[in-house]
Structure formats: structure tokens, C-alpha cells
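# Topology and contacts: notes
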Amino acid sequence: MEKKKKSKVVSYNKWGIIFLLPFAITYLIFQLIPLLSTIFYSFFEYYDDGLDVVGPRFIFLENYASLFSSGDIFVYTKNTLIMWVLGFVPQILVSLLLGAWFSDPRMRLKFSGFFKTVIYLPNLIMASAFSMLFFTLFSNSGPVNSILLQAGVINEAYTFLDHEWSARGLVAFMNFLMWFGNTTILLMAGMMGIDPALFEAAEVDGATSTQVFKKITLPLLRPILVYVMITSLIGGLQMFDVPQILTKGTGNPQMGKELTTMTLIMYLNRHLSVSKNYGVAGALSVILFIITAILSFIVFRISVPKEGGKKHAPVQDE
Amino acid sequence: MRQYKTSKGLGIHVRRFIAYVVLSLLSFLCLFWFYVLFINATRSNANLSKGFTPLPGGYFAENWKSMVEGTLPIFNGMLNSFIIAACSCVLCTYFSTMTAYAIHAYEFKAKKFIFTFILMVMTIPTQVTALGFIRLVDSIGLMNNFIPLIVPSIAAPVTFFYMKQYMESALPLAFVEAARIDGSSEFNTFNSIVIPMMKPAIAVQAIFTFVSSWNNYFTPALILVDNEKLQTLPIMIARLRSADWLKFDMGQVYMLIAFSIFPVIVVYLCLSRFIVQGVALGGVKG
């Protein structure tokens, strides 16, 4: 800014603050205050006991102690991570493969617009309706079982939702379907941002496409890969709609057995809306907040190199 | 275009063939479920219990009728979902553009700090503040009200970030300077010059905000607890799941699911090019 214009500039610049106000006020009221009060409640005994409200009574870390000593939180963390890994591993592999194909000019794939449209589609579908659909399709008398029966693959209906690994597998499979298109498009954009001269040089040196992929594409894509992985992990920790609807919020479709598809957010939801134990819900939220804050910080470090204005790696327009 | 030759490794034709096979398989995996949904929504309960057929039946109208006359107020649900999603979408895109403009076009003291702060909280999920959020909403008497589902979308760090990115490439400050020389007020400049120039980004973000609000289940289920008339589609789907579904007419159940899913599919197919490009452009979404 030039000095002689300073007073004018300052009077303009007060508008920057005015334009920021709606965001700042809304953020303060609906996110910052709730976050602080969540932390506050986590130190109190505070729950609905039938018609009575017990508390709030300050008990400091007892909610945390009871969360850890009951051990449920470890089981649900394990469940959440297992289902995330089961979905994420095929997701990243398939996305890398498709991204490489879509961005490779030598492939000249026909219908790539159609394929991109189709693979992105499940991402926009209402997760609750999608899992209700899977619930009906994979039920005992549902179409998947009848197709398998008609084809002679199985002799009697397989109860997908009663078995630990098929239930987890279904959740992971749905997560895979909903997110691999999104990841493909991100990775593809990243790959198209790589300097074509590098590929041409490798070409001249007689590198095979596998070598090019391993020695050029993957190393240059690393920041985006890490970014995709951590944001996916943050998303995975929020896993809720799919297992909640699929298992009717029980964590297992057949009541009474071990809860093998119960996720952390389902556990939180249970404290919030079923048992109404706000103290424990607060403690659980704080733990989740700390984990996501650490992960977010890593994302922040990757995606905002120094100047603050640039995003992760060179993502370009198509 | 230059013709490349691969001397080593798989030939380009083989690789292309493999690519087509894999892509077709994945497309099948994505579409198969919706195809079955469509078929089953057109069949009667009795017919459905006999097993799967690949061809549609003639019960579409009957299933539609039993869904309309059923116990779940499904049209109400759709209307509620629509009102919430449409309002959130307008507020979110308008105010995110405004916030991005504040950071992009002006210089003030705390600017750098605020920008860094927004980027840092961008990936913090709403679920971890849900407890404080519902206690707050309860204490100001807004339970069973759309307001706590709509107004918070004014502060959307992800949309803000997208808008900021877009402004860097598509909003030269010379335009703003020119407007100032013409005596346009800052607020007027924002509305009549910045907003029109940001239209492509606003459109992309409008779609994403609308869809994510339309699909949202966690927060509405905590806010719209008592009043059935105010519930949104995902809450109704969850109620359908909790009901003793074996007694349900399965044709009707499929019709209900189709009714919640197909509007988004139709809109998506119309705007897909746009959306796919928007994802690639934004980098951050999800």
C-alpha cells in the first residue's frame, strides 16, 4: 500500500473486519462456546436419571477415569479403526490406479467422463438411506441372498449382519464405495499437476509405466497421499450414519452378542440421546477432540506450506 | 499428438484393455445397488419374497400409493429437509464468500491470525462439540426448531477455504479499486461485483452444502427429537430401520428408500461435470 493513501486505505480496511463479523459471531456462538462448554461438562457428574437430573457436580477427572476403566472406549476405537482400514486400503489402492489411468495422456481412455461421474455418484447419496438399502439388500430374504441361492453359490441364506466380519466388511465396503471416487479425483488432480517434462524425460530414458509410477508419480504425490490419508482418518473417526442405521444403533444387529460394529461416535450418540449422560459424553468428546486436533494439525502442516495462501501441493484445474 | 512407444512393460493396448475392464467392474459395483433398488421398488411384497428378478414389476403405482398413505409423513420429511438444506446453502455460500473477501481484499491487524485459525479448525468435526451445542440450543429454547440447523452454516471453514482459493485466481483487486473510484460503497461492491464474479465457485459450493445438509443425520437427530412433523428424511429412514420392519410391506420400504435417494441422483446427473470439476478444484471436501 502507498503511504499517501493510508488514511483512505484504513477506512476501507475497517470493512474487512465488518465482513468478518458474521463468521466470527456465528463461529463463537455455535462452535467455540459449545466446544468450551463440552470441555467444562466433562469435569462434572451430570446425567438424566429418569425424571431427575443428577448434578452438575464437579468431579474433575472421574468421567475420564470411568471411560478408561470400563474399557469400552478401547473396543469401540478398535472397531472404528478396523472398519476404517478395511475400507481405506482398497480405496487408496484403487484410487491410485484409476488416478494414474485417468491422468496418463497415453491411455486416452474413452468415456472417462462417464466413469468419473459414476464412481463419484455414491459420495452424494444420503448415507442413512444407502445403509438402509444395504440392510434390506443383505437381509436374510433380501436380493443378494436370493441371487447367491439362485446361482447355487450357497445352500442357505447367509446372515451377513449376524457375523462379526461380514457386518464389519459391509460397513467398510460401503465406506469404500462412497469415498473411492472422491479420492480418485483428488489424486488425479494431483497427478495432473506433476510437470509433464518429468514423464517425457523418463520416456526418453526408456522407463516402463510401472517404473514411472513408482519413481516419479508416487514420490511427488506423497504430500497429497498423506493429506488424503489423514483427512480420511479424521472422517473415519466420525463414522456414524452407516453402522448406526445398519445395526439400529446397537453396534450389532443381533442383540446380546459382542458389539463389533459399534463406533466411537455411535458411543457418543448413545450418551447424548439414549442415556443422557452429559458428563461422560463430554469426556468422550474431549478425547475425540484431542485426537482430531492432533491429526488436523498434521494436515495443516502439510497443506499450508509457509505463506498460508497456498494449499497442499499443486492441485490444478482440469 | 505424439505417438509414444513402450518398449518394455505391458503394451498400451493391454493396459488400456485392463483399465476398461477394471473401470467397468467398479462402475457395476457403484450402480448395481441402485438398479436393484429401482427394480424392487416396482415389485409387490409377495413377489419380493419369492426372490430377485432382474426385470421391473408392475407395482410401482401401488407402492407409491402405500408410501404416501403410510405412517411416515414422508412428504413432510422431504419438505423439512429441503427447507433446511436450501436455507443453509444460501447462508453458507453468501457468508463464506463474504468472509473470504474480508481476508482476500483487506489488510487489518488480526488478519493473518484469523486466517490461520480458520485453517486450523477446518478439520475439527462438529460431532466433538455436539454436547455443548445441544446444551446451548436447549438453554435458548431452540430444540425442535430449524434455526440451530441453519444459522451455524454461516461459519463454514471448508467453504470459506474454497472461496479464498478461488478468489486468488479469479478476483483481481483492480476490479474492486475501479468500483471504489466510481464511488461504490464497500458493501455494494461486494454484492454487485464480487458475488457475480464468484458465481462458478458459489454454484459448486451451493451443491456441496445443499447435499451435505440434505444427507445430514447426526445433528438433526439430536435437535429435532420430539416433533414428528419437523423431522427430516434421514431421521425418518432411521425410524424406519428401528421399526419392526419385518411387518412392513417391503415394496413400500424400497419405495421409501428410492424416494430419498433418487432426487439427488437426478440432480447429480444433470450437474455431474460441474461437480467432478469442483472436487478436483477444491482439493478439500469431505
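Look up: the structure comes first, before these words.
A quick note: this is a predicted structure, and the numbers were derived from the prediction, not measured. (Residues numbered from 1 in each chain as written. Chains lettered and ligands numbered in written order. Predicted model: local features only at pLDDT ≥ 70, side-chain atom pairs only at ≥ 80, totals over all residues. Heavy atoms only, no water.)

## Overview of the nonpolar core
Grouped together as the largest cluster of nonpolar side chains are 185 residues, with contacts concentrated most on L133 of chain A together with Y101 of chain B. Here this core gets 16 residues from one element, more than from any other, and that element is helix α14 (residues 250-282) of chain B. Excluding anything up to four places from it in sequence, L133 of chain A contacts W33, F34, L37, Y254, I257 and I261 of chain B. (Core = buried A, V, L, I, M, F, W, Y, C linked by side-chain atoms within 4.5 Å. Buried < 20%, exposed > 50% of the residue type's maximum accessible area, 1.4 Å probe, protein only. Helix = DSSP H or I, 4+ residues; strand = E, 2+ residues; numbered from the N terminus. Contact = heavy atoms within 4.5 Å.)

## Considering the environment of K116 of chain A
Residues and elements named next belong to chain A. Tracing the chain through its elements places K116 in helix α4 (residues 112-124). On the accessibility criterion, K116 (11% relative accessible area) is buried. Taking the C-alpha atoms as reference points, K116 and F23, separated by 93 residues in sequence, lie 34 Å from one another.

## A few points about the pattern of salt bridges
Residues and elements named next belong to chain B. Taken as a whole, this structure holds nine salt bridges over all chains when the rule is applied. The closest approach of N and O atoms between R135 and D138, which form a salt bridge, is 3.9 Å. Of the two residues, R135 and D138 are both situated in helix α6 (residues 130-139); the distance of three residues between them amounts to about one turn of the helix. One salt bridge connects R239 with E228, and the closest N-O pair in it is separated by 2.9 Å. Taken together, the residues span a long stretch of sequence, with R239 in helix α13 (residues 233-242) and E228 in the loop between α12 (218-223) and α13 at a distance of 11 residues. With a relative accessible area of 36%, E228 lands in the partly exposed category. The network of salt bridges with shared partners includes E177, R180 and E186. (Salt bridge = Lys/Arg side-chain N within 4 Å of Asp/Glu carboxyl O.)

## Focus on the side chain of N215 of chain B
Inspection of the secondary structure puts N215 of chain B in helix α11 (residues 199-215). A polar contact of 2.9 Å, which involves the side chain of N215 of chain B, links it to the backbone oxygen of L124 of chain A. When near neighbours in sequence (up to four residues on either side) are disregarded, N215 of chain B contacts L124, I125, M126 and D241 of chain A together with P234 of chain B. (Polar contact = N/O pair within 3.5 Å; in protein donor to acceptor, adjacent residues only side chain to side chain.)

## Some remarks on the interface of chain A and chain B
Taken together, the contacts link 111 residues of chain A with 111 residues of chain B. In this assembly, chain A packs against chain B so that about 10,300 Å² is buried in total across both faces, 74% of it on carbon and sulfur atoms. Scanning the region where chain A abuts chain B turns up one salt bridge. The closest approach of N and O atoms between D104 of chain A and R15 of chain B, which form a salt bridge, is 3.2 Å. If you look at where chain A meets chain B, you find 14 residue pairs in polar contact (both at pLDDT 80 or more). A total of 20 residues in the side of chain A that touches chain B trace back to one element, the largest contributor, which is helix α1 (residues 6-41) of chain A. (Buried area = accessible area lost by both parts, 1.4 Å probe.)

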